[in-house]
Each structure stands twice: as structure tokens, then as C-alpha cells.
Amino acid sequence: MTDSPTKPLVVAVTGASGAIYAVRLLQVLRQGGRDVHLTVSPSAVLVMQQELGLAFDIDRPRLDALLDTQPPWRTKEGARTPAQPSGAPTSSPGRLVYHHYTDYMTPIASGSFLTAGMVVCPCSGSTLSGIAHGASNNLIQRAADVHLKERRRLVLVPRETPLSIVQLENMRRACEVGAVVLPAAPGWYHGVQSLDDLVDFVVARILDQLDIEHALMRRWGEKKEVT
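What counts and what doesn't
Residues numbered from 1 in each chain as written. Predicted model: local features only at pLDDT ≥ 70, side-chain atom pairs only at ≥ 80, totals over all residues. Heavy atoms only, no water. Helix = DSSP H or I, 4+ residues; strand = E, 2+ residues; numbered from the N terminus. Buried < 20%, exposed > 50% of the residue type's maximum accessible area, 1.4 Å probe, protein only. Contact = heavy atoms within 4.5 Å. Areas by Shrake-Rupley, 256 points an atom, 1.4 Å probe, with all protein chains shown as cover. Core = buried A, V, L, I, M, F, W, Y, C linked by side-chain atoms within 4.5 Å. Polar contact = N/O pair within 3.5 Å; in protein donor to acceptor, adjacent residues only side chain to side chain. 1 Å grid on protein atoms, 1.4 Å probe; cavity = no way out; pocket = protein on both sides within 12 Å on 5 of 7 lines; lining within 4 Å. Points joined across faces, edges and corners; volume = space filled by probe spheres on them. Pairing = 2+ DSSP bridges. Axes fitted to C-alpha atoms, helices over the stretch in contact; angles between N-to-C directions.

Student: Quick question: what am I supposed to make of the overall build of the chain here?
Tutor: Counting its regular elements, the chain contains 7 helices and 6 strands. Starting at the N terminus and ending at the C terminus, the chain contains elements arranged as β-α-β-α-α-β-β-α-α-β-α-β-α. Within the chain, the fraction of its 227 residues that count as buried is 49%. Here the contacts in the chain between residues at least 6 apart in sequence split such that 75% fall between residues at least 24 apart. Approximately 11,400 Å² of the chain is accessible, and the part contributed by carbon and sulfur atoms is 52%.

This is the structure we're talking about:
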């Protein structure tokens, strides 16, 4: 059963490499009319500055600047419009609501706040460990714990490589308690022509786990359209 599009999604961004995956995910969800509750860790802020040149103020964030961010390999003239998820509204973008990572009084810290799922993208090793062991040391870990206890979708997107036994055990534990571990490992079979195609592959797989229809990539077995 597909969740009602009226239910919001939770997206958490942590301090692993791959900030562009989070930005692209937010762009596509908002353009597709989905409301998103966002929380960002301090380490994620450092990664966004390093990888995207984005100065994100964790206390007073400019969400419009985050949504308008383009990766460094793309010129302003080559700015890309987020692809529309199939059947999504085009005139009513979704709302993006921000929550400070230390604020436990926000709706997403409670199981009574209904959501369609949560994505931690990218998911750092420390965040993975905290989620796997129910630490709830910050809002990100608490919100993830809520999704596990409420049996809702929780998608974790790690990007570390190589992986230690500790990290593998944390992934196994997270899977056992109901999370989906979706490494940021893009495929190459969908007609890759640019780095954007590799980013969209990972974002597309996240959307698949949330039962959100999209046209971000050509699926295995689909014929390439002739233009």
C-alpha cells in the first residue's frame, strides 16, 4: 500500500560525504509536492561547505539557498530543474520545515506525529551506530528511533568505504530492527552520461523505498527513448 501523499517525510543530513544526494533528494521531493521535515547535524554543515561551497547556518538556515544549490561540476547556465515524480503536482511545491538537531520538542521527536517515512542521507558511521543502538543522542537519532518503534520506513544511506566489522555489524543490527540500509553506490546500467545521472540513481532508489513514483532514471530492461 502506498502512503498518502499528505503525510510528510523526514530527511536528516549527517556528516558523511555525499551532501549532493541530500540536496537533490530535497529538491525532487519539494518539486513533487511532498512536505519534508529537515534536520541537519553540525558535521553535515562542514561537509556541505567542503563539497558544495554552501555556507549553511545551522541556527538560522536559509532553506531557499539549500534548495537552489547546484553541484560544483555544473555551471549556473547548466542549472538543472528537478525531475517531477510521476503524477505529482507541478504548481504546488511541498513545504520544507526545519528543526534544530538539539530540539527534542519538535513533532518528529514523537511517534504521535504521523509521517510516511524517514531518510538519513548521507548517514555517517556515528549516526548509524547511534541509531542501531537506540542512543537518541540528538534529534536525528531520536527521530530514527521513533520510526523504528512505530514500524515506519527508515532508509539509511551510508557512503563509507571500506567498511569495518563494527560498521557492518551496525548495518546488520539496523536491518534486523527494521531499517533499510541503502549504500550510496550508483549503478552504471541506465545510460550514464554525467555525474548528475549517478546522483539521480541513488536518489531514485531512495524514492523507490518510499513508494514515490518518479522518472529520474531508466530502469533495467527499459528501452532508451529515441529522440
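Student: Can you walk me through the nonpolar core in this structure?
Tutor: In terms of nonpolar packing, the biggest core is built from 46 residues, with Leu 38, Val 40 and Ile 206 touching the most fellow members. Of all the elements, helix H1 (residues 19–31) adds the most residues to this core, at 9 residues. In terms of nonpolar packing, the next biggest core, distinct from the first, is built from 20 residues, Ala 12, Ala 109, Leu 128 and Ala 144 among them.

Student: Teacher, can you tell me more about the side chain of Asn 138 here?
Tutor: With respect to the secondary-structure elements, Asn 138 resides in the loop between helix H4 (125–132) and helix H5 (139–149). Only 3.0 Å separates the side chain of Asn 138 from the backbone nitrogen of Ile 140, close enough to count as a polar contact. Reaching out from Asn 138, the side chain makes a polar contact with the backbone nitrogen of Gln 141 at a distance of 2.9 Å. Not counting the four nearest positions on each side in its chain, Asn 138 is found in contact with Tyr 101 and Tyr 104.

Student: So what exactly am I meant to see when it comes to unusual backbone geometry here?
Tutor: Glycine aside, the phi torsion of most residues is negative, and most peptide linkages are trans. Pro 122 follows Cys 121 through a cis peptide bond whose omega is -15°. Of note, Pro 122 is situated in strand E4 (residues 118–123). A cis geometry characterises the amide bond from Thr 161 onward to Pro 162, with omega recorded as -5°. Within the secondary structure, Pro 162 is located in the loop between strand E5 (154–158) and helix H6 (165–176).

Student: Is there a simple way to explain empty space enclosed by the protein in this structure?
Tutor: A water-sized probe, rolled over the atoms, reveals where empty space remains. All chains considered together, the criterion is met by 3 cavities of 30 Å³ or more. In terms of lining residues, the largest cavity is bounded by 11 residues, among which Arg 24, Gln 27, Pro 71, Arg 74 and Asp 196 are the most central. Broken down by secondary-structure element, the contributors of at least two residues to the lining of the largest cavity are H1 and helix H7 (195–209).

Student: I would appreciate a short explanation of the sheet that holds E5 in the present structure.
Tutor: The strands making up a sheet associate through backbone hydrogen bonding, with each pair oriented either parallel or antiparallel. On the basis of which strands lie adjacent, the open sheet formed by 6 strands has the order E3-E2-E1-E4-E5-E6 and parallel pairing. Looking along the sheet, the strands with just one partner apiece sit at the ends: strand E3 (96–100) and strand E6 (180–181). Relative to strand E2 (residues 36–40), strand E1 (residues 9–13) is paired through 5 bridges, and the arrangement is parallel. The residue bridging Leu 9 from the neighbouring strand is Val 36, located in E2. Contacts from H7 reach E4, E5 and E6 within the one sheet, and its direction differs from that of E5 by about 160°.

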